[in-house]
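One-letter residues, chain by chain:
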Amino acid sequence: WELAHEQSLTGVQFFGFDLTRVMLNHFQKWISETHANVHLREADLLNLQPKTYHLPPADLVVTAGMLEYIPKEQFIEALQNLRDLLKTDGRMFVFISRTSWYNKLLVGKLWHANLYTQEELLMYFQEVKFRVENIQPFKTWGFVIEASVR
């Protein structure tokens, strides 16, 4: 939103969704403080129907710190639901925790979240027919993945 605002882009719509009211309240506070033009929805990624939530097809989806909390056996379903939000030429950026001793202690044990190897992520993305354009370590804790719809 900030980049679009700085560039004076018009006609751009931003949507955010989360399962928890607490996270949406934090986001709503930021929206109120910055006057950002972001539409929020309370939505379950594993039961995400774009028409139900009035979400138009997206050019871009960005997710950070969310997919780790999806049970591993439902990860592919979650990725597919995100893919279904995109236009046929859409892109997605994912920031996700990776497997490391540090993350096993902090993210895995304290936050009860899942961790992923690069190989696992590539396999999952390929299974739902994403083309992984780039996957890079992000800081000490994760990966950033750029993927496009095939």
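In short, a report on the structure. (Residues numbered from 1 in each chain as written. Predicted model: local features only at pLDDT ≥ 70, side-chain atom pairs only at ≥ 80, totals over all residues. Heavy atoms only, no water.)

### Description of the sheet that holds strand 4 (residues 86-97)
The mixed open sheet is built from 4 strands, whose spatial order is 3-4-6-5. The sheet is open, and its two edges are formed by strand 3 (58-64) and strand 5 (130-138), each paired on a single side. Sheet twist, expressed as the average angle between the axes of neighbouring strands with direction ignored, equals 10 degrees. Across 8 bridges, the pairing between strand 5 and strand 6 (residues 142-149) is antiparallel. Directly across from Arg131, in strand 6, lies its bridge partner Ser148. On the sheet, helix 5 (residues 118-127) packs against strand 4, strand 5 and strand 6 and is oriented at approximately 160 degrees with respect to strand 5. (Pairing = 2+ DSSP bridges. Helix = DSSP H or I, 4+ residues; strand = E, 2+ residues; numbered from the N terminus. Axes fitted to C-alpha atoms, helices over the stretch in contact; angles between N-to-C directions. Contact = heavy atoms within 4.5 Å.)

### What about the environment of Ile145?
Summarising the element assignment, Ile145 is placed in strand 6. Between the C-alpha atoms of Ile145 and Val132, which are 13 residues apart in sequence, the distance is 7.1 Å. Setting aside residues no more than four positions away along its own chain, Ile145 makes contact with Met92, Phe93, Val94, Ile96, Leu121, Phe125, Val132, Asn134 and Ile135.

### Observations regarding the pairing of strand 2 (residues 38-42)
Where strand 1 (residues 14-18) meets strand 2, 5 bridges bridge the pair, whose relative direction is parallel. Residue pairing across strands places Gly16 opposite Leu40, the latter belonging to strand 2. Taken together, strand 1, helix 2 (residues 21-34) and strand 2 constitute a β-α-β crossover, and its handedness is right-handed. (Right-handed = clockwise from strand over helix to strand, strands pointing away.)

### Digging into a nonpolar patch on the surface
Taken together, the side chains of Tyr69, Leu110 and Trp111 make up a nonpolar region of the molecular surface, amounting to roughly 370 Å² of accessible area. Along the polypeptide, Trp111 turns up in the loop between helix 4 (101-110) and helix 5. Trp111 gets classed as partly exposed once you look at its relative accessible area, which sits at 47%. (Patch = residues over 30% accessible without salt bridge, like charges linked within 9 Å, V, L, I, M, F, W, Y side chains within 5 Å. Areas by Shrake-Rupley, 256 points an atom, 1.4 Å probe, with all protein chains shown as cover. Salt bridge = Lys/Arg side-chain N within 4 Å of Asp/Glu carboxyl O. Buried < 20%, exposed > 50% of the residue type's maximum accessible area, 1.4 Å probe, protein only.)

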